[in-house]
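# Topology and contacts: notes
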Amino acid sequence: MKPPTGPEEAQLPTSDIRAFASSCTMHGLGHVFGPGAPPARRGLWAAAVLLALATFLYQVAGQVRYYREFHHETALEERESRRLTFPAITLCNVNPLRRSRLTPNDLHWAGPALLGLEPAEHAAYLRALGRPPAPPGFMPSPTFDVARLYARAGHALEDMLLDCRYRGWPCGPENFTTIFTRMGQCYTFNSGADGAELLSTPKGGMGNGLEVMLDVQQEEYLPVWRDMEETPFEVGVRVQIHTQEEPPLIDQLGFGVAPGYQTFVSCQKQQASALLSFLPPPWGDCSSVSLDPDFEPEAPGPLGTPSPGLSPPYSLMGCRLACESRYVARKCGCRMMHMPGSAPVCSPQQYKDCAHPALDALLRKDACRCPNPCASTRYAKELSMVRMPSRAAARYLARKHNRSEAYIEENVLALDIFFEALNYEVVEQKKAYEMSELLGDIGGQMGLFIGASLLTILEILDYLCEVFWDRVLGRRFWNRKHPQRPSSANLLQEGPGGHQTQVPHLSPGPRPPTPRSAVAKTFSASHRTCYLVTRL
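Quick notes on the rules
Residues numbered from 1 in each chain as written. Predicted model: local features only at pLDDT ≥ 70, side-chain atom pairs only at ≥ 80, totals over all residues. Heavy atoms only, no water. Helix = DSSP H or I, 4+ residues; strand = E, 2+ residues; numbered from the N terminus. Buried < 20%, exposed > 50% of the residue type's maximum accessible area, 1.4 Å probe, protein only. Contact = heavy atoms within 4.5 Å. Areas by Shrake-Rupley, 256 points an atom, 1.4 Å probe, with all protein chains shown as cover. Axes fitted to C-alpha atoms, helices over the stretch in contact; angles between N-to-C directions. Parallel < 35°, antiparallel > 145°, perpendicular 65-115°, else oblique. Left-handed = near helix turned anticlockwise from the far one by under 90°. Nonpolar A, V, L, I, M, F, W, Y, C, P; charged D, E, K, R; others polar. Expected span 1.5 Å × (residues − 1). Arc of directions from axis to C-beta. Pairing = 2+ DSSP bridges. Disulfide = S-S within 2.5 Å. Lys, Arg positive; Asp, Glu negative; His and termini not counted. Salt bridge = Lys/Arg side-chain N within 4 Å of Asp/Glu carboxyl O. Core = buried A, V, L, I, M, F, W, Y, C linked by side-chain atoms within 4.5 Å.

Within the protein chain, the regular secondary structure consists of 18 helices and 21 strands. When the 536 residues of the protein chain are sorted by exposure, 39% land in the buried category. Restricting to contacts in the protein chain with at least 6 residues of sequence separation, those with at least 24 account for 74%. Looking at the protein chain as shown, the accessible area adds up to about 31000 Å², and 56% of this sits on carbon and sulfur atoms.

Locating methionine 213 in the fold gives a position in strand β9 (residues 210-215). On the accessibility criterion, methionine 213 (17% relative accessible area) is buried. Counting along the chain gives 200 residues from methionine 213 to leucine 413, while the straight-line C-alpha distance between them is 5.7 Å. Contact partners of methionine 213, with chain neighbours within four places excluded, come to Met160, Leu161, Leu162, Asp163, Met388, Leu397, Val412, Leu413 and Ala414.

Packing of helix α5 (residues 104-115) against helix α11 (residues 348-365) brings their axes to within 7 Å, and their N-to-C directions diverge by 25 degrees. Taken as axis vectors, α5 and α11 run roughly parallel relative to one another. The hand of the α5/α11 crossing is left-handed. Taken together, the residues of α11 that come into contact with α5 (itself represented by Trp109, Ala110, Pro112 and Ala113) are Pro348, Tyr351 and Lys352. Here the contact of α5 with α11 is composed, by residue class, of six nonpolar, no polar and one charged.

A rise of 1.5 Å per residue sets the reference length of helix α14 (residues 435-449), with its 15 residues, at 21 Å; its end C-alpha atoms lie 21 Å apart and thus fit the reference within 8%. Burial in α14 covers these residues: Leu438, Ile442, Gln445 and Met446. Buried residues of α14 fall within an arc of 100 degrees about the axis and therefore sit on the same side. The exposed residues of α14 that point more than 90 degrees off its buried face are Ser436 and Leu448.

Quick look at the pairing of strand β18 (residues 412-419) now. By the criterion of burial, β18 is predominantly enclosed, with eight of the eight residues buried. Burial along β18 is two-sided: the face carrying Val412, Ala414, Asp416 and Phe418 and the face carrying Leu413, Leu415, Ile417 and Phe419 are both buried. Note: strand β12 (residues 261-270) against β18, six bridges, orientation parallel. Bridge pairing links glutamine 262 to alanine 414 in β18.

Applying the stated criterion to the full structure yields six disulfides. Between the sulfur atoms of cysteine 92 and its disulfide mate cysteine 186 the distance is 1.7 Å. Given an S-S torsion of about 115 degrees, the disulfide between cysteine 92 and cysteine 186 has right-handed geometry. One end of the pair, cysteine 92, is in strand β3 (residues 88-93); the other, cysteine 186, is in strand β7 (residues 184-189), with 94 residues separating them in the sequence. For the pair shown, cysteine 92 and cysteine 186 are each scored as buried. Shown here is the disulfide that connects cysteine 319 with cysteine 370, its sulfur atoms set 2.2 Å apart. Handedness here is read from the sign of the S-S torsion; for cysteine 319 and cysteine 370, about -85 degrees, the answer is left-handed. Of the two residues, cysteine 319 sits in helix α10 (residues 316-332) while cysteine 370 sits in the loop between α11 and β15 (372-373), which places them 51 residues apart along the sequence. Note on cysteine 319: relative accessible area 1%, which makes it buried. We classify cysteine 370 as buried; its relative accessible area is 17%.

Sheet topology places strand β4 (residues 161-166) next to β9; five bridges connect them, and they run antiparallel. Across the sheet, the residue bridging to aspartate 163 is methionine 213, located in β9. Judged from the two bridges that link them, β4 and strand β5 (residues 169-170) form a sheet pairing that is antiparallel. In the sheet register, tyrosine 166 faces β5, and the bridge partner there is tryptophan 169. Where β4 folds back on β5, the antiparallel hairpin that results is connected by two residues, among which arginine 167 adopts a positive phi of roughly 55 degrees.

Right, let's talk about the side chain of lysine 269 for a bit. Tracing the backbone shows lysine 269 in strand β12. An unpaired buried charge is present at lysine 269: no salt bridge exists, and glutamate 245, the closest side chain of opposite charge, is 8.4 Å distant. Those residues in contact with lysine 269 that sit more than four places away from it in its chain are Leu84, Thr85, Thr377, Arg378, Tyr379, Phe419, Tyr424 and Glu425.

Attention now goes to the packing of helix α4 (residues 39-68) against α14. Packing of α4 against α14 brings their axes to within 9 Å, and their N-to-C directions diverge by 170 degrees. When the axes of α4 and α14 are compared, the pair comes out roughly antiparallel. Counted together, Ala52, Thr55, Phe56, Gln59, Val60, Gln63, Val64 and Tyr67 of α4 and Met435, Leu438, Asp441, Ile442, Gln445, Met446 and Phe449 of α14 form the full contact between these two elements. Here the contact of α4 with α14 is composed, by residue class, of ten nonpolar, four polar and one charged.

Core analysis: the biggest nonpolar cluster contains 38 residues, and Ile89, Phe176, Leu210, Val239 and Ile417 have the highest contact counts within it. No other element matches the four residues that β18 contributes to this core. Judged by nonpolar contacts, the second largest core, of 35 residues, contains Leu117, Tyr150, Leu222 and Tyr327.

On to the pattern of salt bridges. Side chains that carry opposite charge are capable of pairing whenever their charged atoms lie near each other. Per the stated rule, a full pass over the model turns up four salt bridges. Across the pair arginine 152 and aspartate 106 runs a salt bridge whose closest N-O atoms are separated by 2.8 Å. Pair noted here: arginine 152 is in helix α7 (residues 146-153) and aspartate 106 is in helix α5, with a separation of 46 residues, a long-range link. Residue classification places arginine 152 among the partly exposed residues on the basis of a relative accessible area of 35%. Relative accessible area serves as the criterion here: at 3%, aspartate 106 is assigned to the buried category. Between aspartate 360 and arginine 182 there is a salt bridge, with its nearest N and O atoms 3.6 Å apart. Taken as a pair, aspartate 360 in helix α11 and arginine 182 in the loop between β6 (176-181) and β7 lie far apart in primary sequence, 178 residues in all. The class of arginine 182 is partly exposed, set by a relative accessible area of 22%.

As structure tokens, this is what we get:
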């Protein structure tokens, strides 16, 4: 605080409100508590100070309320890169099982659950497949593994892949990884499994990505015996473009590629600091903790509850698969073959009686509460296609693969996946109102309405300490240092006429200075009075 300047202010104690108001840097207090001003002028200044203070507090309350709502904003930025990691490409034939690989034992175990066949229809179905009927005395195997059925009877990539090139270099089935999905046995290119090095590309445009030519093998498609929920009516392959950390959910997110066409897929990567970034609570609703399909919380709670311990990077698809695996394992005691976890794979009868109904009920209820990942990568796609092959190309391909031209036109497709350019979009959520902005706004409102600053707050605290010391601690200290004596409560002073005069009680508070003439008069009156004045 500024030191007092006037002679009257110098005599005021520091705990006096008038002394504080005359030296405080807060505007208006000096006009309210300053000496000599008319009461009407003081009242107007007091009203102005209170109005400014109320406006300041109202503005501060609004700013604090806005900060407590934890708003966020989304920023979009486009950046360039010299090299981009190529995504994982998952391919699935829409036909899950090849008719030439099914046996009477497969129909006995999987016919009712997977194909909707009754036992009496097995012989007719085998005839439709072009297979001989079950031999007399046929005995089914004691056990049956659904995953082995799809691995044995599913479409083999060695038979489907006619040509493969990545950036002009040849590739083959060894560059693909086998994976099970709800569509059966599928294959992923550039999966990065088993520590394999991820492929990248330094250029965008056609010829700088993956080019494959596939044979969908329509002659191996199963006959449509009965209209079921998962009965495929289409022909071709399903494709999903995703990151290596994200498991494919190709039955829901894959796009179709039809035979007789060459499909071009132009991709653009969306990321923020290498990932699409979302804010955690309370500004947003995202998670970075992966869900363990084998972990069951002790207390019942949401199926999307993250699990502790080491886990792969969190992804939305991984959370949904783990949630579904938990639910099916809890209801049926097993898991479907495409689900993660350590529970045993369901038998065909468990598929029919429990797993499929439980999964359908879960999807209808939408019980899996999976928040957005705090960091993820997405690929925007643009598709275009042309008819293929031409007549000249059909004759060439027929001779090359020892097939007829009609077979080539009905079964062969081409797929070309590439980056449109090496630029990528950065999409990031940011806090709309930081703590520093809140403090800056409070400081601006404080300076605008009441002319105060942080140092003014320190001045107010210093004044309150002065008041506390002077009014509370100072009085206690004085009483302890100068306890009341019986002789000092009623002091007698002899006057010149021989009578006694009572000396008033001396208060321990601050006293005005005693004039020299009074001291001299006291000394001349009585030696006893002089002694008392000296003691006090």
